[in-house]
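The residues making up each chain are set out below.
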Amino acid sequence: MEQVAPPGPAADPQPWKPKCPWGAPPSTVTPCSLSDVMSEELVKELQQQEENKAFPHLIGIDTTALVGEGTETSSDLLLAQMLQMEFDREYDAQLLREENKLNGDSKVSISFENFRMVHPFEDSDSSEDEVDWQDTRHDPYGPDKPSTNPKRGFVRKGKEITTKHDEVTCGRRNTARMENFVPEFQVGDGIGMDLKLSNRVFNELKQHSYSERRRSAKIHEKKEHSTSDQAVDSNTRLLLFKMVNAGILENINGCISTGKESVVFHANGGSMDDKIVPRECAIKVFKTTLNEFRNRDKYIKDDYRFKDRFSKLNPRRIIRMWAEKEMHNLARMQKVGILCPEVVVLKKHILVMSFIGQDQVPAPKLKDVKLSTEDMKQAYYQVLHMMQQLYNECQLVHADLSAYNLLWYMGKVWLIDVSQSVEPTHPHGLEFLFRDCRNVSQFFQKSGVADAMSERELFNAVSGLGITADNEVDFIAEIEALEKINEDHVQRRGKRVAIANDDEHPTDD
Ligand code: ADP
Ligand code: MN
């Protein structure tokens, strides 16, 4: 969005100051030169100063992730952008209605494609929507001559009887067909000119139009669908806006964390009909860039809860599934009383949950907090108990457990980040558990907790598997052997289930 140009200093003796969205700032005007007035940097700096004055608790919270780099960081702008997007979509819907009305049943249609505000790609949420246009089953120029074909292109003295091999007729027909294979493909007004296309040219043009279409979608996808390091994409902004609009959230304040796989925002809770929305919420936006997720495939692919669905899904759906998985796992944990965020709502790849922290200050990670010896010991026992509950009562292995995903809040340890958590029967579930145990054990031993068990002791204490190997290599070998036995068992069970045609499924919350 363009920033409104400041009025010239000659016309206005007062230097232009950006309007502060958080209320009127005290009017302390410092005189400055023309070049200063025109300096964008100064404007930004002044604005930042004003925002900080009016909204001191937001200092340090990075709002650029929400609205994008190089733009203003006020929530007014965000709102405006969201409104604009909503407007664009409405506009496009109207355009489509007009287009349909105009074209009616006509087989040659006029496209308003170029007037659309939102690229068609953006409206679809699956790449399955890409139809293969080469299908000629519904070729409108098949057996019958189209009634909408311009007459003079086809009527010629002494040439009334033609065959499909007639070069002229075929050429004209190709021209007419060309108009139809991709509506937004610009072909000029060839139809009025008795243009004849040879089959070779026709086929090449057709091919070109398909690749153009794909290219355009790809470029657009890169531009709009990559939740890059800083900004969330326009779809995400729209979804967030809808949540604010629906009153679920009162406002979205700023970014708490930008990780490789997610961006987390702070928000003030609003209300919902069937649920109490916490006063402070955390919004976890799963990144829609796919690269980082590739190496996480193993967590979800082999998770039987998602197995049937995985193979059929496109990458964007898979990312939604991460959010879905986190929601399910949090719900399981909540049920048995593990301290963790409470799920508020899930919308596509956006998970809203309760905020662990207070007054927009997130609870510190266990790795960052300085605890007394006694508190650290308490924290250790809490984590031990938590891991046991998670394994035995939730049937879950965290799979990314470390002092990074444990928060210290109100004198207790809270567990977060469970999108990758799996059931112990996952083909690598026990290996993941062992890795978790190693992280936890090393952290508390380094933190001086004398009671802290070794990783192997901890593994047995959590899983109850009683592995006796006295060195790591053998220990891991035994873990892998157990996983193998389990997998064979699952496979046999799967076969039995299939034979009995039993549609019993493992329960999922
Ligand atoms: P990632 O997969 O990016 O590590 P996390 O779920 O761990 O995602 O979230 C990243 C960071 O955001 C956390 O380390 C924590 O500081 C913060 N965070 C996430 N969820 C919450 C929450 N519910 N309350 C407070 N802070 C949170
Ligand atoms: Mn994390």
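Residues numbered from 1 in each chain as written. Chains lettered and ligands numbered in written order. Predicted model: local features only at pLDDT ≥ 70, side-chain atom pairs only at ≥ 80, totals over all residues. Heavy atoms only, no water.

Peer 1: I'd like a rundown of the environment of Val369, residues and numbers included.
Peer 2: Assignment of secondary structure puts Val369 in the loop between β7 (361-362) and α13 (373-392). With relative accessibility at 17%, the residue Val369 sits in the buried group. Residues Val369 and Leu407 lie 38 residues apart in sequence; the distance between their C-alpha atoms is 8.9 Å. Setting aside residues up to four positions removed in sequence, Val369 forms contacts with Pro364 and Trp408. (Helix = DSSP H or I, 4+ residues; strand = E, 2+ residues; numbered from the N terminus. Buried < 20%, exposed > 50% of the residue type's maximum accessible area, 1.4 Å probe, protein only. Contact = heavy atoms within 4.5 Å.)

Peer 1: If you had to explain the site of ligand 1 to someone new, which residues and values would you point to?
Peer 2: The full set close to ligand 1 counts 15 residues, and Ser262, Lys284, Ser354, Ile356 and Asp417 are the nearest of them. One nitrogen or oxygen atom from the side chain of Lys284 is found 2.7 Å from an oxygen atom belonging to ligand 1. Within the side chain of Asn405, an N or O atom sits 3.1 Å from an oxygen atom of ligand 1. Elements with a contribution of two residues or more to the shell around ligand 1: β2 (262-269), β3 (280-286) and β5 (350-354). Of the residues that constitute the shell around ligand 1, the class distribution is eight nonpolar, four polar and three charged. (Near = heavy atom within 4 Å. Polar contact = N/O pair within 3.5 Å; in protein donor to acceptor, adjacent residues only side chain to side chain. Nonpolar A, V, L, I, M, F, W, Y, C, P; charged D, E, K, R; others polar.)

Peer 1: Now, about a nonpolar patch on the surface: what can you tell me, with residues and values included?
Peer 2: On the surface, Phe87, Tyr91, Phe115 and Met117 cluster together into a nonpolar patch covering about 420 Å² of accessible area. You can see Phe115 is positioned in the loop between α4 (75-103) and α5 (120-123). (Patch = residues over 30% accessible without salt bridge, like charges linked within 9 Å, V, L, I, M, F, W, Y side chains within 5 Å. Areas by Shrake-Rupley, 256 points an atom, 1.4 Å probe, with all protein chains shown as cover. Salt bridge = Lys/Arg side-chain N within 4 Å of Asp/Glu carboxyl O.)

Peer 1: Report on the sheet that holds β3, specifying residues and quantitative values.
Peer 2: Strand order in the open sheet formed by five strands is β1-β2-β3-β5-β4, and the pairing between neighbours is antiparallel. With partners counted over all chains shown, the strands left at the sheet margins are β1 (249-258) and β4 (343-347), one partner each. Averaged over all pairs of adjacent strands, the angle between their axes in this sheet comes to 20°, without regard to strand direction. Note: β4 against β5, four bridges, orientation antiparallel. Each residue of the ladder has a partner; that of Val345, found in β5, is Val352. (Pairing = 2+ DSSP bridges. Axes fitted to C-alpha atoms, helices over the stretch in contact; angles between N-to-C directions.)

Peer 1: How would you sum up the coordination of the manganese ion (ligand 2)? Please name residues and give values.
Peer 2: Donor atoms from the polypeptide that bind the manganese ion (ligand 2) are Asn405 (OD1) and Asp417 (OD), placed at 2.2 Å. One end of the pair, Asn405, is in the loop between α13 and β8 (406-409); the other, Asp417, is in the loop between β9 (412-415) and α14 (429-446), with twelve residues separating them in the sequence. For the residue pair Asn405 and Asp417, the accessibility class agrees, reading buried in each case. (Donors = N, O, S within 2.8 Å, 3.2 Å for Na, K, Ca; no water.)

Peer 1: Can you break down the pairing of β2 residue by residue, with the values?
Peer 2: Burial runs high along β2: eight of the eight residues are buried. Both β1 and β2 contribute to a ladder of seven bridges, which runs antiparallel. Looking at the pairing, Gly254 lines up with His266 of β2. Counting the residues that bridge the hairpin from β1 to β2 gives three residues.

Peer 1: Before we move on, can you summarise the nonpolar core with the specific residues and values?
Peer 2: Residues Met333, Leu366, Met387, Phe444 and Phe459 are the most contacted members of the largest nonpolar core, which totals 56 residues. Among the elements that take part in this core, α13 stands out by supplying nine residues, more than any other. Excluding anything up to four places from it in sequence, Leu366 contacts Leu371, Ala403, Leu406, Leu407, Trp408, Phe443 and Phe444. In this structure, Ile252, Cys255, Ile350 and Val352 belong to the second largest nonpolar core, which totals 19 residues. (Core = buried A, V, L, I, M, F, W, Y, C linked by side-chain atoms within 4.5 Å.)

Peer 1: So what about the pattern of salt bridges? Which residues, and what values?
Peer 2: Per the stated rule, a full pass over the model turns up seven salt bridges. Put simply, Glu455 and Arg438 hold a salt bridge, and the shortest N to O gap is 3.4 Å. On the criterion of sequence distance, the pair formed by Glu455 in helix α15 (residues 455-463) and Arg438 in helix α14 is long-range, its members being 17 residues apart. By relative accessible area, Glu455 is classed as buried at 13%. Each member of the salt-bridge network shares a partner with another, and the members are Lys284, Glu326 and Asp417.

Peer 1: Would you mind going over the packing of aromatic side chains in detail, with residue names and values included?
Peer 2: The tally for this structure, following the rule as stated, stands at nine aromatic pairs. Centre to centre, the rings of Phe443 and Phe444 are 5.1 Å apart; their planes meet at 80°, and the pair counts as edge-to-face. Residue Phe444 is classed as buried on the basis of its relative accessible area of 0%. With centroids separated by 5.5 Å and ring planes inclined at 85°, the aromatic side chains of Phe459 and Phe475 adopt a geometry described as edge-to-face. Of this pair, Phe459 sits in helix α15 while Phe475 is found in helix α16 (residues 472-499), placing the two residues 16 residues apart along the sequence. Residue classification places Phe475 among the buried positions, given a relative accessible area of 1%. Connected via pairs of aromatic rings, a cluster forms that spans Tyr380, Tyr381, Phe443 and Phe444. (Phe/Tyr/Trp six-rings, centres within 6.5 Å; stacked < 30°, edge-to-face > 60°.)

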